[in-house]
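If you want the building blocks of each chain, they are given just below.
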Amino acid sequence: MHRCVEKEGHCERCEGELPFDFTMAFQPIVDLTSVRIVTYEALVRGPAGESAASILAKVTPRLLYRFDQACRIRAIELASRLGMRESLSINFLPNAVYEPQACIQATLAISQKVGWPTERLVFEVTESEKVQDQEHLRNIIEAYRSMGFTTALDDFGNGFANLDLLTVLHPDRLKIDRALVMGCDSDVRRQAILRALVGLAGELGIDLIAEGVETRDEALWLGRNGIPKQQGFFHARPALESLAPDLTPSLAALRQAL
């Protein structure tokens with residue numbers, strides 16, 4: 001790891017304008033048990049709704065740290081402006097954090113400015129490559145938890161977000177990847193894996209969230225088998241710079257069906 005370059009309250013890697021514009025879409029995470037939206041995840045988009053991939057393609061290694069900070073600030077600003085009352089979940093790349101205490105300062109500053117409570121911030125670890133320095137990631141998660149933030153491990157069960165990380169990491173939430181969720185209402189192998197995850201999460205004191213829920217049957221099977229917290233197109237698609245419509249009727253219907 002390189003050293004943080006914070007000096008007199010400023011960081012030359014993290015501060016400055018980006019050479020491109022971006023915004024955020026918000027997708028809800030729902031809880032079938034309490035019949036409500038519990039969290040919104042902030043997802044990067046272009047100013048006119050362009051895909052996250054089109055924006056991330058512009059993020060060079062030199063801009064990585066600046067982009068990570070800008071995403072946090074933009075997400076909190078927009079959530080506050082929209083009057084969000086639920087928790088706000090923000091993705092971060094472990095390699096864009098040098099020193100947790102230093103790199104969190106911009107987040108704390110904007111939260112204080114708009115009056116956003118730190119206990120309503122969730123940081124999702126998103127990792128497109130295998131974690132090379134698990135100790136560094138553990139330090140980030142522990143530092144964030146000590147500051148009152150909630151932490152989540154994204155895309156669990158697919159790619160590089162695998163069981164070995166749980167031997168060293170202690171996230172508050174696991175977000176189960178769509179690869180394990182799709183067709184879970186009829187796929188006995190997926191059902192076995194998901195039931196095992198429910199037991200594992202219970203023993204470790206970790207909350208489970210199913211990602212990529214796209215059908216009513218998937219939502220119901222998950223809810224009946226210990227995974228009532230869900231996110232996906234079936235419930236609501238990401239909305240550009242706006243929140244989801246009232247989901248109470250549809251969630252209440254699902255709760256009744258459980």
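Structure: see above.
In short, a report on the structure. (Residues numbered from 1 in each chain as written. Predicted model: local features only at pLDDT ≥ 70, side-chain atom pairs only at ≥ 80, totals over all residues. Heavy atoms only, no water.)

The number of helices and strands found in the chain is nine helices and eleven strands. For the chain, long-range pairs separated by at least 24 residues make up 68% of all intrachain contacts whose partners lie at least 6 apart in sequence. (Helix = DSSP H or I, 4+ residues; strand = E, 2+ residues; numbered from the N terminus. Contact = heavy atoms within 4.5 Å.)

Let's shift gears to the packing of aromatic side chains. Using the criterion set out here, one finds seven aromatic pairs in the structure. Measuring from ring centre to ring centre gives 5.1 Å for Phe123 and Phe149, while their planes differ by 85 degrees; the resulting arrangement is edge-to-face. Of the two residues, Phe123 sits in strand β6 (residues 121-125) while Phe149 sits in the loop between α5 (134-146) and β7 (150-156), which places them 26 residues apart along the sequence. With a relative accessible area of 0%, Phe123 lands in the buried category. Site record: aromatic cluster; members linked through ring pairs are Phe92, Phe123, Tyr144 and Phe149. Its end group placed over the ring of Phe22, Arg74 keeps NZ or CZ at 4.5 Å from the ring centre. (Phe/Tyr/Trp six-rings, centres within 6.5 Å; stacked < 30°, edge-to-face > 60°. Buried < 20%, exposed > 50% of the residue type's maximum accessible area, 1.4 Å probe, protein only. Lys NZ or Arg CZ within 6 Å of the ring centre and 35° of its normal.)

Looking now at the pattern of salt bridges. Within this structure, the stated rule accounts for 13 salt bridges. A salt bridge links Asp21 to Arg74; the nearest nitrogen and oxygen atoms lie 3.6 Å apart. With Asp21 in the loop between β2 (10-11) and β3 (23-31) and Arg74 in helix α2 (residues 64-81), the pair connects residues that are 53 residues apart, well separated along the chain. On the accessibility criterion, Asp21 (47% relative accessible area) is partly exposed. (Salt bridge = Lys/Arg side-chain N within 4 Å of Asp/Glu carboxyl O.)

On to unusual backbone geometry. Located in the positive-phi region is Asp155, a residue other than glycine, with phi close to 55 degrees. Within the secondary structure, Asp155 sits in strand β7. Positive phi, normally seen in glycine, also occurs at Glu241, with a value near 50 degrees. By the element assignment, Glu241 lies in the loop between β11 (239-240) and α9 (248-257).

In this structure, Phe22, Met24, Phe67, Leu88, Leu194 and Leu222 are the most contacted members of the largest nonpolar core, which totals 65 residues. Looking at which element gives the most residues to this core, the answer is α2, with eight residues. Sequence-distant contacts of Phe22, defined by excluding residues within four places in its chain, comprise Val44, Arg45, Pro47, Ile55, Phe67, Ala70, Cys71 and Arg74. (Core = buried A, V, L, I, M, F, W, Y, C linked by side-chain atoms within 4.5 Å.)

Turning next to the side chain of Ser89. Looking at the secondary structure, you find Ser89 in strand β5 (residues 87-92). One polar contact links Ser89 to Glu124, side chain to side chain, over a distance of 2.7 Å. Not counting residues within four places of it along the chain, the set of residues in contact with Ser89 comprises Thr39, Tyr40, Glu41, Ala42, Val122 and Glu124. (Polar contact = N/O pair within 3.5 Å; in protein donor to acceptor, adjacent residues only side chain to side chain.)

The next thing to look at is α5. The end-to-end C-alpha separation of α5 is 18 Å, in line with the 18 Å expected for 13 residues at 1.5 Å each. Within the sequence span of α5, burial applies to His136, Leu137, Ile140, Ile141, Ala143 and Tyr144. Around the axis of α5, the buried residues are gathered within 165 degrees of arc, so they sit on the same side. Where α5 is buried, its residues meet α2, β5, α3 (100-103), β6 and β7. Phi turns positive, to about 95 degrees, at Gly148, one or two residues after α5. (Expected span 1.5 Å × (residues − 1). Arc of directions from axis to C-beta.)

Now for the pairing of β5. With five of its six residues buried, β5 lies for the most part within the structure. Judged from the three bridges that link them, strand β4 (residues 36-45) and β5 form a sheet pairing that is parallel. Note that in β5 the partner of Thr39 across the bridge is Ser87. Here β5 runs beside β6; their pairing, made up of five bridges, is parallel. For Leu88, the partnering residue across the bridge sits in β6 and is Leu121. (Pairing = 2+ DSSP bridges.)

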